[in-house]
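Summary of the model geometry
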Amino acid sequence: MIVILRADATEANIQHIAEQATKLGLKTNISRGAERTVIGFIGPEDALRVIPLEVFPGVEQVLQVLAPYRLVSREFKKENTVIKLNYGETIGGNKVTVMAGPCSVESYEGLLSIAKKIKALGASILRGGAFKPRTSPYDFQGLGEEGLRILQQVGKETQMCTVSEVMDTRQVELLAKYVDILQIGARNMQNFSLLKEVGMCKKPVMLKRGMSATIKEWLMSAEYLLANGNFDVMLCERGIRTFETATRNTLDINAVVVAKRLSHLPVVLDPSHGTGSWEYVGAGARAGVAAGADALIIEVHENPEEALSDGAQSLMPDKFAELMAACKRVAAAVDREM
Ligand code: PEP
Ligand code: MN
C-alpha cells in the first residue's frame, strides 16, 4: 500500500501518518518527488487496514501496489531515480554513464595506466574486482584488500568513482571504506543475508541479475536493499543462461526495457559478461544504449591475453575507443547525452 499526498500536504500531515504506522509496527519510507510526496510502508501492511488513511489530512489517494516489489516499483515512484556520486557524477539521468576497467585489479601500475586511457575516452567510473567469484577455487581469487587499496588510490589520482564486488556479509564494511559503488554479483543476487547487510549500508549499490533469475526475482532482490533503507540502487543486466552456447550468456536487452518500465531504478548494461567475447561487446553496448540503459559497464584490459580473469571478453583500449564513439552516435540518435 502507498499513500499519495496532496500537493499542499504539510510536514505535520506526513509525520502524523508515519507515527500511526509506527504504532502499528510498520516502518515508512517517504519519497519526495518533484510533483508529489508518496509514503510507502515496510512490514506487515495488513495492520494498516484498521485505520482509515483515505481521510487523514493531506492524503489524496491510498493505492494498493500490485507488484510484490513495492518500493522498487514505478507505482511507488513515478520519476526515475538519479543516483548521485562523487565528482558530480550521476546515474539515472539523461546521460549514459560509462563504467570501465579490468575484470580484476591486478597491479597499481596496470590499473593507473588503463584508468587514464578510459577516462580520456569518456568513462567516469572505474571498475576492478578485488574479491572474485571464480568457478574454480584454483583460479585467481583477486588481490583482496590490497586490490581495494589500489582501486581507491587510482580512483583518487584520476578523479574517478570506483565500483567493486562485495561477495560476503563480512566484507561489507571493508568495501564501503574503499569504493563508491558496491557491486553484488550475479552469483549472489539471492544471497539474502548479503542483501540485508548491504541494504543497511549507506553506499550506492549495483545489483547484478542472477544468471538464471527472472526479472521479478531480480526486482525482489532489489526490494531487500530498499526495504533495509538503501535507495541508491541500480540494477545491472549481465546476460542470462539459455540453451544457446555460442555466447557465454544471452544478453537480455528486453530486461533493460522491462526493468525500466516496472521500476524507477537506473538500469546498467554489462555486455562484457552478457556476451563473453570481445568481438560482440560493442554491438551489445550499442543495443543497450538504444534500448534505454542508463549506464554501461565494460571490461577493458591492455593485454587481454595475460589478464588474470575474463581476458576473452576484455576490450583493448583502441576497441574501447571505437565502442565509445559508436555508442555516442547511438545516444545522440535516441536523444541521450554521452
Ligand atoms: C564481474 O563483474 O567481473 C563479475 C564477476 O560479474 P557477474 O557477477 O555478472 O558474473
Ligand atoms: Mn569479469
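Residues numbered from 1 in each chain as written. Chains lettered and ligands numbered in written order. Predicted model: local features only at pLDDT ≥ 70, side-chain atom pairs only at ≥ 80, totals over all residues. Heavy atoms only, no water.

**Here's the deal with the coordination of the manganese ion (ligand 2)**
Every protein donor of the manganese ion (ligand 2) is listed here as Cys 103 (SG), His 273 (NE2), Glu 299 (OE) and Asp 310 (OD), and their distances to the metal cover 2.0 to 2.4 Å. Each donor residue of the manganese ion (ligand 2) belongs to the same chain, with the gaps between them written as C-x169-H-x25-E-x10-D. Of the two residues, Cys 103 sits in the loop between strand 7 (97-101) and helix 2 (108-120) while Glu 299 sits in strand 14 (residues 295-299), which places them 196 residues apart along the sequence. Judged on exposure class, the residue Cys 103 and its partner Glu 299 are both buried. (Donors = N, O, S within 2.8 Å, 3.2 Å for Na, K, Ca; no water. Helix = DSSP H or I, 4+ residues; strand = E, 2+ residues; numbered from the N terminus. Buried < 20%, exposed > 50% of the residue type's maximum accessible area, 1.4 Å probe, protein only.)

**Looking at helix 3 (residues 145-158)**
Here helix 3 spans 20 Å end to end across 14 residues, near enough to the 20 Å set by a 1.5 Å rise per residue. If you check which residues of helix 3 are buried, you get Gly 147, Leu 148, Ile 150, Leu 151, Val 154, Gly 155 and Thr 158. One side of helix 3 holds all its buried residues, which, seen down the axis, span an arc of 160 degrees. At its buried positions, helix 3 is contacted by helix 2, strand 8 (125-127), strand 9 (161-165) and helix 4 (172-178). Just downstream of helix 3, Gln 159 is the residue with a positive phi angle, here 55 degrees. (Expected span 1.5 Å × (residues − 1). Arc of directions from axis to C-beta. Contact = heavy atoms within 4.5 Å.)

**Regarding the pattern of salt bridges**
In a structure, side chains of opposite charge can pair up when their charged atoms sit close to one another. As enumerated under the stated definition, the model contains 17 salt bridges in all. Between Glu 146 and Arg 149 there is a salt bridge, and its shortest N-O distance comes to 3.2 Å. Residue Glu 146 and its partner Arg 149 are both found in helix 3; the two are separated by 3 residues, about one turn of the helix. Of the charged contacts in the structure, one is a salt bridge between Lys 319 and Glu 322, with a shortest N-O distance of 3.9 Å. (Salt bridge = Lys/Arg side-chain N within 4 Å of Asp/Glu carboxyl O.)

**A word on the packing of helix 9 (residues 278-291) against helix 10 (residues 317-333)**
Their axes nearest at 9 Å, the elements helix 9 and helix 10 cross at an angle of 20 degrees. Taken together, the axes of helix 9 and helix 10 lie roughly parallel to each other. Once helix 9 is placed against helix 10, the crossing between them reads as right-handed. Along the contact surface, helix 9 presents Trp 278, Val 281, Gly 282, Ala 285, Arg 286, Val 289 and Ala 290, while helix 10 presents Lys 319, Leu 323, Ala 326, Cys 327, Val 330 and Ala 331. Class assignment of the residues belonging to the contact of helix 9 with helix 10 gives a composition of 10 nonpolar, 1 polar and 2 charged. (Axes fitted to C-alpha atoms, helices over the stretch in contact; angles between N-to-C directions. Parallel < 35°, antiparallel > 145°, perpendicular 65-115°, else oblique. Left-handed = near helix turned anticlockwise from the far one by under 90°. Nonpolar A, V, L, I, M, F, W, Y, C, P; charged D, E, K, R; others polar.)

**Some details on the sheet that holds strand 2 (residues 27-32)**
Pairing is antiparallel in the open sheet, where 4 strands are placed in the order 2-3-1-4. Where the open sheet ends on each side, the last strands, each with one partner, are strand 2 and strand 4 (59-63). With direction set aside, neighbouring strand axes in the sheet form an average angle of 20 degrees. Relative to strand 3 (residues 37-42), strand 1 (residues 2-5) runs antiparallel, the two sharing 3 bridges. Of the residues in strand 3, the one forming a bridge with Val 3 is Ile 39. (Pairing = 2+ DSSP bridges.)

**Concerning the pairing of strand 3**
Burial runs high along strand 3: 6 of the 6 residues are buried. Bridging between strand 2 and strand 3 involves 6 bridges; their strand directions are antiparallel. Counterpart to Ser 31 in the pairing with strand 3 is Val 38. Counted along the chain from strand 2 to the antiparallel partner strand 3, the turn is 4 residues long.

**Describing the pairing of strand 1**
Of the two faces of strand 1, the one carrying Ile 2 and Ile 4 and the one carrying Val 3 and Leu 5 are both buried. Relative to strand 4, strand 1 runs antiparallel, the two being bridged by 4 bridges. Considered in strand 4, the bridge of Ile 4 is made with Gln 61.

**Comments concerning the site of ligand 1**
Close to ligand 1 lie 13 residues, the nearest being Lys 132, Ala 186, Arg 187, Lys 208 and Arg 238. Side-chain polar atom of Arg 187 to an oxygen atom of ligand 1: 2.8 Å apart, as the coordinates give it. With respect to ligand 1, the side chain of Arg 238 contributes an N or O atom lying 2.6 Å from an oxygen atom. Compared with its free state, where it exposes 300 Å², ligand 1 has 97% of that area covered by protein. (Near = heavy atom within 4 Å. Polar contact = N/O pair within 3.5 Å; in protein donor to acceptor, adjacent residues only side chain to side chain. Areas by Shrake-Rupley, 256 points an atom, 1.4 Å probe, with all protein chains shown as cover.)

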